[in-house]
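Residue strings, one per chain:
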Amino acid sequence: ITFLNLEKEYNESRVEQLNAAKAQAELEALKNQIDPHFIFNSLNTLSFLITRDPQNARLYNDTLARVYRYILSNKERDLVLLREEIEFISNYFYLLKIRFADAICMVIEITDLSAENFLIPPISLQALVENAIKHNEFSDKKPLTIDVAISADYVIVRNVMNRRTNPQPTSKIGLSNLDNRYKLLTKRNILIENNFESFTVKLPIV
């Protein structure tokens, strides 16, 4: 009986280890699904600025370097401080502002204290900003505003909807990727609210 119990415990432990390894492998695959089109758009914008606006081209290049340094340095991490993610998304959004100017706006309502105390998966806010840019029409007269705030146990990202009449081709992995990462890391799902006037995603914070 003792032998059978030990064998059962060994088998259960092995199953747990295999499940943990499988979850980690899935997470690594999901981390590598960051949209590759961003780098091409960034380089095209930089090329344009070099010839038309050299002063802004230097600033754009430095910010682009910070954005990719963050992505590369945090690719192996499961969670980062919210403060780090906020700094990253601010740099990322600056790159978008160079391209779209007054047609887009981002409002961040998160205090320094809360940004120090909470953790979220890296590059999660970028996925939501990218999603809003892809799926909405916007212009200088009718800009796209993205709000980022904290409420209860969530970081909330919201934008008013103005769906594109001719949607851009998309891999449709963005939100699914993010939800899967959250399930693997925290055993919690992201929450999505779509009332056809505004689109809201709530990210659980650790």
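In this numbering scheme, every chain counts its residues from 1 along its sequence in written order. Given that the model is predicted, a residue must reach a pLDDT of at least 70 before its local features are reported, and side-chain atom pairs must reach 80 or more before they are shown or counted; all residues, however, enter totals for whole chains, interfaces and linings. Hydrogens and waters are ignored; side-chain quantities use all the structure's heavy atoms.

1. Focus: the environment of valine 160
Okay, so step 1: Helix and strand definitions here come from DSSP, where helices need a minimum of 4 consecutive H or I residues and strands a minimum of 2 consecutive E residues; each element is numbered from the N-terminal end. Mapping valine 160 onto the fold places it in strand β5 (residues 154–160).
Okay, so step 2: A residue is classified by how much of its surface remains accessible, and valine 160, at 58% relative accessible area, is exposed.
Okay, so step 3: Measuring from C-alpha to C-alpha, the distance between valine 160 and asparagine 194 comes to 10.0 Å, with 34 residues separating the pair along the chain.
Okay, so step 4: In contact with valine 160, not counting residues within four places along its chain, are Asn136, Leu144, Thr145, Glu197 and Ser198. Between buried and exposed lies partly exposed: a residue is buried under 20% and exposed over 50% of the maximum accessible area for its type, with that area taken using a 1.4 Å probe on protein chains only. Throughout, a residue-residue contact means that at least one pair of heavy atoms, one from each residue, lies within 4.5 Å.

2. Let's talk about the sheet that holds β5
Okay, so step 1: In space, the five strands of this open sheet follow the order β2-β4-β5-β7-β6, with mixed pairing throughout. The outermost strands of the open sheet, each flanked by one partner alone, are β2 (104–109) and β6 (191–194). The mean angle between the axes of side-by-side strands here comes to 15°, regardless of whether they run parallel or antiparallel.
Okay, so step 2: Being paired, for any two strands, means DSSP has found at least two bridges between them. Of the strand pairs in this sheet, strand β4 (residues 144–151) and β5 are connected by six bridges, and their pairing is antiparallel. The partner of isoleucine 146 across the bridge, within β5, is asparagine 159.
Okay, so step 3: Those strands touched by helix α6 (residues 124–135) are β2, β4, β5 and β7 (198–204), and its axis lies near 170° from that of β7. Axes here refer to lines fitted to C-alpha atoms; in helices the fit is confined to the stretch in contact. Angles between the N-to-C directions go from 0 to 180 degrees.

3. Thoughts on the packing of helix α3 (residues 54–74) against helix α4 (residues 82–100)
Okay, so step 1: Close contact between α3 and α4 brings their axes to 9 Å; oriented N to C, the two are set at 145°. Taken as a pair, α3 and α4 cross one another with a handedness that is left-handed. Contacts between α3 and α4 pair Asn56, Leu59, Tyr60, Thr63, Leu64, Arg66, Val67, Tyr70 and Ile71 from the former with Glu84, Glu85, Phe88, Asn91, Tyr92, Tyr94, Leu95 and Ile98 from the latter.
Okay, so step 2: Class assignment for the residues of the contact of α3 with α4 results in eleven nonpolar, three polar and three charged. Here a crossing is taken to be left-handed if its near helix is turned anticlockwise relative to the far helix by less than a right angle, and right-handed if that turn runs clockwise. Residues are grouped as follows: Ala, Val, Leu, Ile, Met, Phe, Trp, Tyr, Cys and Pro are nonpolar; Asp, Glu, Lys and Arg are charged; every other residue, Gly included, is polar.

4. Details of the confidence of the model for the protein
Okay, so step 1: Across the protein, the average pLDDT comes to 83, with 79% of residues at 70 or higher.
Okay, so step 2: The predictor rates its confidence in each residue with pLDDT, a number between 0 and 100. Considering each helix and strand of the protein separately, the mean pLDDT is smallest for helix α1 (residues 2–31), with a value of 64, and largest for β7, with 95.

5. Digging into the nonpolar core
Okay, so step 1: Only buried residues count toward a nonpolar core, which is a set of Ala, Val, Leu, Ile, Met, Phe, Trp, Tyr and Cys residues joined through side-chain atoms within 4.5 Å. Membership of the largest hydrophobic core comes to 46 residues, with the highest contact counts inside it found for Val129 and Leu203.
Okay, so step 2: Tallying contributions element by element places α4 first for this core, with nine residues.
Okay, so step 3: Leucine 203 has contacts with Ser124, Leu125, Leu128, Asp153, Tyr154, Val155, Leu178, Tyr182 and Ile190, leaving out every residue within four places of it along the chain.

6. Looking at α6
Okay, so step 1: By definition here, a helix of n residues has an expected span of 1.5 Å times n minus one. With twelve residues, α6 should cover 16 Å at 1.5 Å per step; its first-to-last C-alpha distance of 17 Å lies within 8% of that length.
Okay, so step 2: Across the twelve residues of α6, eleven count as buried, placing the element largely inside the fold.
Okay, so step 3: Of all the positions in α6, only Ser124, Leu125, Gln126, Ala127, Leu128, Val129, Glu130, Asn131, Ala132, Ile133 and Lys134 are classed as buried.

7. Focus: the side chain of glutamate 85
Okay, so step 1: Examined against the element boundaries, glutamate 85 turns out to sit in helix α4.
Okay, so step 2: Beyond its immediate chain neighbours, meaning those up to four positions away, glutamate 85 contacts Tyr70, Val80, Ile120, Pro121, Pro122, Ile123, Ser124, Leu125 and Gln126.

8. What about the pattern of salt bridges?
Okay, so step 1: The working definition used for a salt bridge is a side-chain nitrogen of Lys or Arg within 4 Å of a carboxyl oxygen of Asp or Glu. All chains considered together, the criterion is met by four salt bridges.
Okay, so step 2: Salt-bridge contacts for arginine 58 lead to aspartate 62; the nearest nitrogen and oxygen are separated by 3.6 Å. Placement of the pair is arginine 58 and aspartate 62 together in helix α3, with a separation of four residues, close to one helical turn.
Okay, so step 3: Taking the relative accessible area as the measure of exposure, arginine 58 reaches 58% and is therefore exposed.
Okay, so step 4: Relative accessible area serves as the criterion here: at 32%, aspartate 62 is assigned to the partly exposed category.
Okay, so step 5: Between glutamate 193 and lysine 202 there is a salt bridge, with the nearest N and O atoms lying 3.2 Å from each other.

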